[in-house]
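What follows is the residue order along each chain.
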Amino acid sequence: MLRPSESDPVVITGMGAVSPLGVGVDVNWERLIAGRSGIVVNDRFDLTGFASTIAGLVPDKASDPHGFDPGDWIDPKEIKKMDLFIQYGLAAAAQALDQAGWRPESESDKRKTATVIGTGVGGSPVMAEAVRIIAEKGPKRLSPFTVPSFLANLAAGWISIQYGFKGPIGAPVTACAASAQAIGDGLRLILTGEAEVAVVGGAEGSVDPISIGGFGASRALTSSGNDHPEKASRPFDNGHSGFVLSEGAAVLVIEKLSHARARGAMPLAVLAGYGTSADAYHLTAGSPDGAGAQIAVRNALEMAGLQPEAIGYVNAHATSTQVGDAAELAALTAVFGMKSKEIGLSSTKASTGHLLGAAGAIEAVYSVMALREGVLPPTINLDDPMDGTDAFTMIANAPLERQVDYVLSNSFGFGGVNASLILGRL
């Protein structure tokens, strides 16, 4: 197994965030710690006949000064060529690269910069619109940018083109583990020497009839919270009834500590370990004992060279589904055993909803902030904890001031894919 060097670890030097809590890492963190919810009534399209009428929507500038305006980040002439997930990805990447101070000019630096941006669904809104246009007006009325605007790898492609990054490029499309795997893939590229810097993360913009209807048909989405959107996402709570579909993006810049120091960049945290696995169990549900998730967590610990008791906080995948939340609790209990009570546990999806392929990246950003600020974010709406939560220190409804050295961030997805990241304090 590849392992980072203790003397020269891989570090995070830049972060960017676009989420239902707003645009920018600081805004996201402030609102997360304040217990704000980004879940609102879904006004993107006519929801007649849909079971779920809420979503985690990225606010626009008209409704929120910290909202999203594509013109702030993208040449207006280019906006029509890309679906929302690409726009969000470009905005998050710009923030991360600005913080990292990474704007390579030499061919050598450009060839040593990797770009790995995952997504779960890609440009499904454009696909849905294309079907409508074909049905109503015929295929000749389609834009020539239809396909480039929905392809899943085009968030990575646009970022690479925008900044001239010529190193390895990739786009994991592993459902809700996609961006966690993108971060892990970037870590591996640095450890093998194929890249010196990696721009990694995920982007999702799939609040559209296909996704809302499809997830609703599978009974994965909650419909019981339609009248009170801010209360709808309830990980680890007995009142949970499904997840809330959300959108956004998060991007991180990673590199070895020696590389960061040589160019005067400030490291924010250590990317200490990564583990991934397959359940080989079911298309949409993990094993009840979390067997596959256990493998991913243990692999991440092994890469980091850590014992389970080193982990002080877990940012859980927990999406607010009964089966999924219980399986993750079972996995964590199996890994941490008698030490579990010492671990702070929360799911920030209570505030953001589920960003699908971008979830792992936004939660990695929150995990870095927890390490840096000495504050562990809460699970809001946790009023009636489910069985198994008493084994942990549940961070319910208010943040917990606690300095920890290592954080575990989990991401699991349809198809049985599991990914776990371990981040450490410098």
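Preceding this paragraph is the structure being described.
The structure contained in this document is the topic of the report that follows. (Residues numbered from 1 in each chain as written. Predicted model: local features only at pLDDT ≥ 70, side-chain atom pairs only at ≥ 80, totals over all residues. Heavy atoms only, no water.)

**A look at the overall build of the protein chain**
Along the backbone of the protein chain there are 14 helices and 16 strands. Relative to the compact-globule value of 22 Å for 426 residues, the protein chain shows a C-alpha radius of gyration of 20 Å, a close match. Expressed along its principal axes, the backbone C-alpha trace of the protein chain runs to roughly 65 × 55 × 40 Å. A buried classification covers 60% of the 426 residues belonging to the protein chain. Surface accessibility of the protein chain: about 16100 Å² in total, with carbon and sulfur atoms responsible for 53%. (Helix = DSSP H or I, 4+ residues; strand = E, 2+ residues; numbered from the N terminus. Rg over C-alpha atoms; globule rule 2.2 N^0.38 Å. Buried < 20%, exposed > 50% of the residue type's maximum accessible area, 1.4 Å probe, protein only. Areas by Shrake-Rupley, 256 points an atom, 1.4 Å probe, with all protein chains shown as cover.)

**Notes on the pattern of salt bridges**
Under the counting rule described, the total for this entry stands at 14 salt bridges. Here E302 makes a salt bridge to R3, at a shortest N to O gap of 3.3 Å. A residue pair is termed long-range when its members are at least 10 positions apart, and E302 in helix 11 (residues 291-304) and R3 in the segment before strand 1 (10-19) qualify at 299 residues. Taking relative accessible area as the criterion, E302 reaches 40% and is therefore assigned partly exposed. Judged by its relative accessible area of 46%, R3 is partly exposed. Ionic pairing is found between R103 and D98, a salt bridge with its closest N-O pair at 2.6 Å. The structure contains a network of salt bridges with shared partners spanning E129, R132 and E136. (Salt bridge = Lys/Arg side-chain N within 4 Å of Asp/Glu carboxyl O.)

**Points about the packing of helix 11 against helix 12 (residues 322-336)**
The description of two helices packed together rests on the angle between their axes and the distance between the axes. Running from N to C, helix 11 and helix 12 point in directions that differ by 40 degrees, and their axes come no closer than 9 Å. In terms of orientation, helix 11 lies oblique with respect to helix 12. Read as a crossing pair, helix 11 and helix 12 show a hand that is right-handed. Contacts between helix 11 and helix 12 involve A293, Q294, V297, R298 and L301 from the first element and A331, A334 and V335 from the second. Taken together, the residues that form the contact of helix 11 with helix 12 break down as 6 nonpolar, 1 polar and 1 charged. (Axes fitted to C-alpha atoms, helices over the stretch in contact; angles between N-to-C directions. Parallel < 35°, antiparallel > 145°, perpendicular 65-115°, else oblique. Left-handed = near helix turned anticlockwise from the far one by under 90°. Contact = heavy atoms within 4.5 Å. Nonpolar A, V, L, I, M, F, W, Y, C, P; charged D, E, K, R; others polar.)

**Observations regarding the environment of H228**
Residue position: H228 is located in the loop between helix 9 (209-217) and strand 8 (248-256). Sequence spacing of H228 and V41 is 187 residues, and the spatial spacing of their C-alpha atoms is 8.8 Å.

**Overview of the pairing of strand 1**
Buried residues dominate strand 1, accounting for 10 of its 10 residues. Note: strand 1 against strand 8, 8 bridges, orientation antiparallel. Residue pairing for strand 8: A17 is matched across the bridge by A250. Alignment of strand 1 against strand 9 (residues 269-278), held across 2 bridges, turns out to be antiparallel. Following the sheet pairing, I12 is matched in strand 9 by A269. (Pairing = 2+ DSSP bridges.)

**A word on the packing of helix 3 (residues 84-100) against helix 7 (residues 154-163)**
In contact at an axis separation of 9 Å, helix 3 and helix 7 are set at 45 degrees when each is read in the N-to-C sense. Here helix 3 lies oblique to helix 7, going by the angle between them. Relative to helix 7, the crossing made by helix 3 is right-handed. Every residue of helix 7 that contacts helix 3 at F85, I86, G89, L90, A93, A94 and L97 is listed here: L154, A155, W158, I159, Q162 and Y163. Its residues assigned to classes, the contact of helix 3 with helix 7 comprises 11 nonpolar, 2 polar and no charged.

**As for the pairing of strand 16 (residues 417-424)**
For strand 16, the tally of buried residues reaches 8 of 8 residues, placing the bulk of the element in the interior. Side chains V417, A419, L421 and L423 of strand 16 all project onto a buried face; the interleaved residues N418, S420, I422 and G424 project onto the opposite face, where all are buried too. Here strand 9 pairs with strand 16 via 8 bridges, running antiparallel. Paired with G275 across the two strands is S420, which belongs to strand 16. Two strands pair when backbone bridges link them, and strand 15 (residues 406-413) and strand 16 are joined in this way by 8 bridges, in the antiparallel orientation.

**As for the packing of aromatic side chains**
All chains considered together, the criterion is met by 5 aromatic pairs. Between F215 and F243, the aromatic rings sit 5.3 Å apart at their centres with planes inclined by 75 degrees, giving edge-to-face as the arrangement. Here F215 is found in helix 9, whereas its partner F243 is found in the loop between helix 9 and strand 8, with 28 residues between them in sequence. Exposure class is identical for F215 and F243. Each is buried. (Phe/Tyr/Trp six-rings, centres within 6.5 Å; stacked < 30°, edge-to-face > 60°.)

**Some points on unusual backbone geometry**
The phi angle at R219 is positive, at roughly 65 degrees, despite the residue not being glycine. Looking at the element boundaries, R219 is found in the loop between helix 9 and strand 8. Judged by its relative accessible area of 76%, R219 is exposed. Phi is positive for F236, which is not a glycine, with a value near 65 degrees. Looking at where F236 falls in the secondary structure, it is placed in the loop between helix 9 and strand 8. Given the relative accessible area of 0%, F236 is considered buried.

**Notes on helix 9**
Of all the positions in helix 9, only S211, I212 and F215 are classed as buried. Buried residues along helix 9 cover an arc of 95 degrees about the axis, so they all sit on one side. By the N-cap criterion, in which a side-chain oxygen at the helix start approaches the backbone nitrogen of a residue two or three places on, helix 9 is capped by D208, the distance to I210 being 2.9 Å. Directly after helix 9, the chain includes R219, whose backbone phi takes a positive value near 65 degrees. (Arc of directions from axis to C-beta. Polar contact = N/O pair within 3.5 Å; in protein donor to acceptor, adjacent residues only side chain to side chain.)

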